[in-house]
Amino acid sequence: MARMYFEADSDLAHLAGQTICIVGYGNQGRSQALNLRDSGLSVIVGSRRDASHRTAVQDGFSVFPVDEATARSQVIFLLVPDEVMPQVFRRDIAPNLAPGDMLVFASGYNITFGLIEPPSDIDVVLIAPRMIGAGVRDTYLSGQGFPSLVAVHQAATETAFQRMLALCEGIGSARMGVIESSFLEETTVDLFAEQVGFLYAVRRYCEVLVEAGCSPEAAMLEFYASGEIIETAKAYRDIGLWDQITLHSRTSQYGQEVTSRLSPEEEEAERDRLRGIISHIQNGSFAREWTTEQQAGFPEFNRVRALNMAHEMREAERNLYRVLGRTPDDG
């Protein structure tokens with residue numbers, strides 16, 4: 001079993017006298033900054049002058065350009081999107097790092113694929129919340145906390161691990177527990193979850209129901225539009241994937257456990273498909289593909305997005321949501 005750490009294993013004293021800089025004041029950045037400050041730590045924000053800059057000022061933080069904020073800090077949280085992080089790091093952060101500083105990543109992506117190469121005289125750690133930004137703040141305020149994957153990639157100081165755990169306590173994650181991981185593992189599970197094809201699978205389920213004579217509305221309500229799936233997901237979280245099945249009818253249990261089982265041949269074919277996704281991630285093919293796509297101006301991304309936005313199921317969904325009193329944007 002992976003090793004876990006809790007508040008009993010951490011000590012905020014390891015951060016005494018140190019300034020923490022949050023680079024990227026978005027959903028994660030804002031929540032983590034507020035949590036760290038509420039834990040009694042010294043926090044500033046590095047930001048360009050945009051809406052997030054104004055929000056940080058309104059929240060009472062001292063806000064500086066990223067390069068100046070980095071120079072003022074000993075701990076730097078990199079919470080900007082993966083695709084812009086290398087540029088921000090090279091331009092604004094790397095020239096202003098001092099020996100013994102700590103870089104904190106919330107995603108293993110750029111380290112795993114060598115897109116960022118920190119100097120050897122700083123600590124490099126991973127604190128990757130398994131929680132959306134709003135939840136990071138809400139669970140801190142409720143006292144519950146949230147889990148994170150953590151790792152020390154590079155320890156230039158003797159206190160790298162202790163400082164990392166102290167930061168986990170500061171953001172509220174050590175309350176529930178943090179799991180020792182690696183940059184590669186975090187990157188693999190994160191990208192894999194995004195690439196298994198869940199959205200296409202749900203749409204496929206609805207499409208074949210419509211082919212069988214069911215209305216789009218009935219199909220979408222069954223799979224996601226009613227919100228029932230949220231309650232089921234809570235049961236997954238609270239009592240486990242298979243233990244929650246007792247909350248369903250016996251007919252439902254039989255269908256989920258028996259009827260839906262794949263044959264051994266089908267099971268192995270599906271596992272092979274999933275193994276291919278993991279290989280595509282871990283051998284760097286996806287990272288190279290995504291970098292090429294960014295450099296080209298996102299042509300394939302924009303093409304596929306246009307196809308998905310124009311799909312007939314989306315129009316049926318929007319019509320249903322209007323009837324249900326939901327008003328999604330037209331974008």
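Residues numbered from 1 in each chain as written. Predicted model: local features only at pLDDT ≥ 70, side-chain atom pairs only at ≥ 80, totals over all residues. Heavy atoms only, no water.

A. Focus on the pattern of salt bridges. The full count for this structure, using the stated rule, is 15 salt bridges. Among the ionic pairs, Asp272 bridges to Arg275, the shortest N-O distance being 2.8 Å. Here the residue Asp272 and the residue Arg275 both occupy positions in helix α13 (residues 264–282), the gap between them amounting to three residues, near one helical turn. The exposure class of Asp272 is partly exposed, given its relative accessible area of 43%. What emerges from the salt-bridge pattern is a single network uniting Glu268, Asp272 and Arg275. (Salt bridge = Lys/Arg side-chain N within 4 Å of Asp/Glu carboxyl O. Helix = DSSP H or I, 4+ residues; strand = E, 2+ residues; numbered from the N terminus. Buried < 20%, exposed > 50% of the residue type's maximum accessible area, 1.4 Å probe, protein only.)

B. Spatial organisation of the pairing of strand β7 (residues 123–129). In terms of residue burial, β7 counts as a mostly covered element, since seven of its seven residues are buried. Side chains Asp123, Val125, Ile127 and Pro129 project from β7 onto one buried face, and the interleaved Val124, Leu126 and Ala128 project onto a second face that is buried too. With six bridges joining them, β7 and strand β8 (residues 148–154) adopt antiparallel strand pairing. Paired with Ala128 across the strands is Leu149, a residue of β8. (Pairing = 2+ DSSP bridges.)

C. View of the packing of aromatic side chains. The full count for this structure, using the stated rule, is seven aromatic pairs. Measuring from centroid to centroid gives 5.7 Å for Trp290 and Phe298, while their planes differ by 55 degrees, and the two rings are tilted. Relative to Phe301, the ring of Phe298 has its centre 6.4 Å away and its plane inclined at 65 degrees; by these criteria the two rings are edge-to-face. Chaining the aromatic ring pairs together yields one cluster made of Trp290, Phe298 and Phe301. A cation over a ring is seen here: Arg326 above Tyr321, with NZ or CZ 4.7 Å from the ring centre. (Phe/Tyr/Trp six-rings, centres within 6.5 Å; stacked < 30°, edge-to-face > 60°. Lys NZ or Arg CZ within 6 Å of the ring centre and 35° of its normal.)

D. Molecular detail of a nonpolar patch on the surface. A cluster of nonpolar residues, Phe198, Leu199, Ile229 and Ile230, forms a patch on the protein surface that exposes about 430 Å² of accessible area. At the level of elements, α9 (198–211) and α11 (228–239) are the ones that each hand at least two residues to the nonpolar patch. Following the sequence through the fold, Phe198 ends up in helix α9. (Patch = residues over 30% accessible without salt bridge, like charges linked within 9 Å, V, L, I, M, F, W, Y side chains within 5 Å. Areas by Shrake-Rupley, 256 points an atom, 1.4 Å probe, with all protein chains shown as cover.)

E. Broad picture of the nonpolar core. Membership of the largest hydrophobic core comes to 33 residues, with the highest contact counts inside it found for Ile20, Leu36, Phe77 and Leu167. When residues of this core are traced back to their parent elements, those giving at least two are β2 (19–23), α1 (27–38), β3 (42–46), β5 (75–78), β6 (102–105), β7 and α7 (160–171). The greatest single-element share of this core, amounting to seven residues, is contributed by α7. For Ile20, the residues in contact, after removing those within four places along its chain, are Leu36, Leu41, Ser42, Val43, Ile44, Ser73, Val75, Phe77 and Leu167. By size, the runner-up hydrophobic cluster in this structure holds 25 residues, among which are Val66, Ile76, Val80 and Ile111. (Core = buried A, V, L, I, M, F, W, Y, C linked by side-chain atoms within 4.5 Å. Contact = heavy atoms within 4.5 Å.)

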